[in-house]
Amino acid sequence: MRSRYSAYCVKDAEYILNTYASSQRSMHTTADILQFANDVNFIKLDIIDAHSDNEDNYVEFKAHYLVDDKHYQLHERSRFVLEDKKWKYLGGDLFESPVVKIGRNDPCPCNSGKKFKKCHG
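These numbers come from a predicted model, not from an experiment.

**What to know about the UniProt feature "domain: YchJ-like middle NTF2-like" (unreviewed entry) in the protein**
Moving on, step 1. UniProt records the feature "domain: YchJ-like middle NTF2-like" (unreviewed entry) at residues 1-92, using the numbering of this structure.
Moving on, step 2. Segment residues 1-92 splits into 30% helix and 49% strand. End C-alpha atoms: 12 Å apart.

Structure below.
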């Protein structure tokens, strides 16, 4: 999960596409992935839970990102499957998360301790 998040941060669409499970890869393109990565500014990743069952791994996380002056959270419980000895992203369940407008003098949601205008604003 962390590697996929990092790939979005550095806009490595090819890596993200290659980490999809083979059954899901044809539903995505590097152009679509890159467009999303270019439209947002990722600022923080919170891993909430991770566990396994007999076949799959699950990771619940919140990926925080900014678009204009709004703070979004992508809250998902992701499912990963083992293919060729590598964990691949199969899909996930999204949780509803509020969108928060950030004022210039509000604390930055990245938790830097700085005001938004001095950090990501």
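**Considerations on the side chain of S78**
Moving on, step 1. Its place among the elements puts S78 in strand β3 (residues 70-83).
Moving on, step 2. Judged by its relative accessible area of 0%, S78 falls in the buried class.
Moving on, step 3. A polar contact of 2.8 Å, which involves the side chain of S78, links it to the side chain of E76.
Moving on, step 4. Beyond its immediate chain neighbours, meaning those up to four positions away, S78 contacts M1, N57, Y58, V59, F61, Y89, G91 and G92.

**Quick word on the pairing of strand β1 (residues 41-52)**
Moving on, step 1. Where β1 and strand β2 (residues 56-67) come together, ten bridges link them in antiparallel fashion. Among the inter-strand pairings, S52 is bridged to a residue of β2, identified as N57.
Moving on, step 2. In sequence, β1 turns back onto β2 through a hairpin of three residues.

**Describing the packing of aromatic side chains**
Moving on, step 1. All told, the structure shown has nine aromatic pairs when counted by the stated rule.
Moving on, step 2. When the centroid spacing of 5.5 Å and the interplanar angle of 80 degrees are considered together, the rings of Y5 and F42 count as edge-to-face. Placement of the pair is Y5 in helix α1 (residues 2-9) and F42 in strand β1, with a sequence separation of 37 residues.
Moving on, step 3. Take Y5: its relative accessible area is 12%, and that puts it in the buried class.
Moving on, step 4. With relative accessibility at 12%, the residue F42 sits in the buried group.

**A few points about a positive patch on the surface**
Moving on, step 1. Together, R104, K115, K117 and K118 make up a positively charged patch on the protein surface.
Moving on, step 2. Residue placement: R104 occurs in the segment after β5 (100-101).

Quick notes on the rules
- Residues numbered from 1 in each chain as written.
- Predicted model: local features only at pLDDT ≥ 70, side-chain atom pairs only at ≥ 80, totals over all residues.
- Heavy atoms only, no water.
- UniProt positions renumbered as here; feature names shortened; annotations may be inferred.
- Helix = DSSP H or I, 4+ residues; strand = E, 2+ residues; numbered from the N terminus.
- Buried < 20%, exposed > 50% of the residue type's maximum accessible area, 1.4 Å probe, protein only.
- Polar contact = N/O pair within 3.5 Å; in protein donor to acceptor, adjacent residues only side chain to side chain.
- Contact = heavy atoms within 4.5 Å.
- Pairing = 2+ DSSP bridges.
- Phe/Tyr/Trp six-rings, centres within 6.5 Å; stacked < 30°, edge-to-face > 60°.
- Patch = residues over 30% accessible without salt bridge, like charges linked within 9 Å, V, L, I, M, F, W, Y side chains within 5 Å.
- Areas by Shrake-Rupley, 256 points an atom, 1.4 Å probe, with all protein chains shown as cover.
- Salt bridge = Lys/Arg side-chain N within 4 Å of Asp/Glu carboxyl O.
- Lys, Arg positive; Asp, Glu negative; His and termini not counted.
- Charge placed at Lys NZ, Arg CZ, Asp CG, Glu CD.

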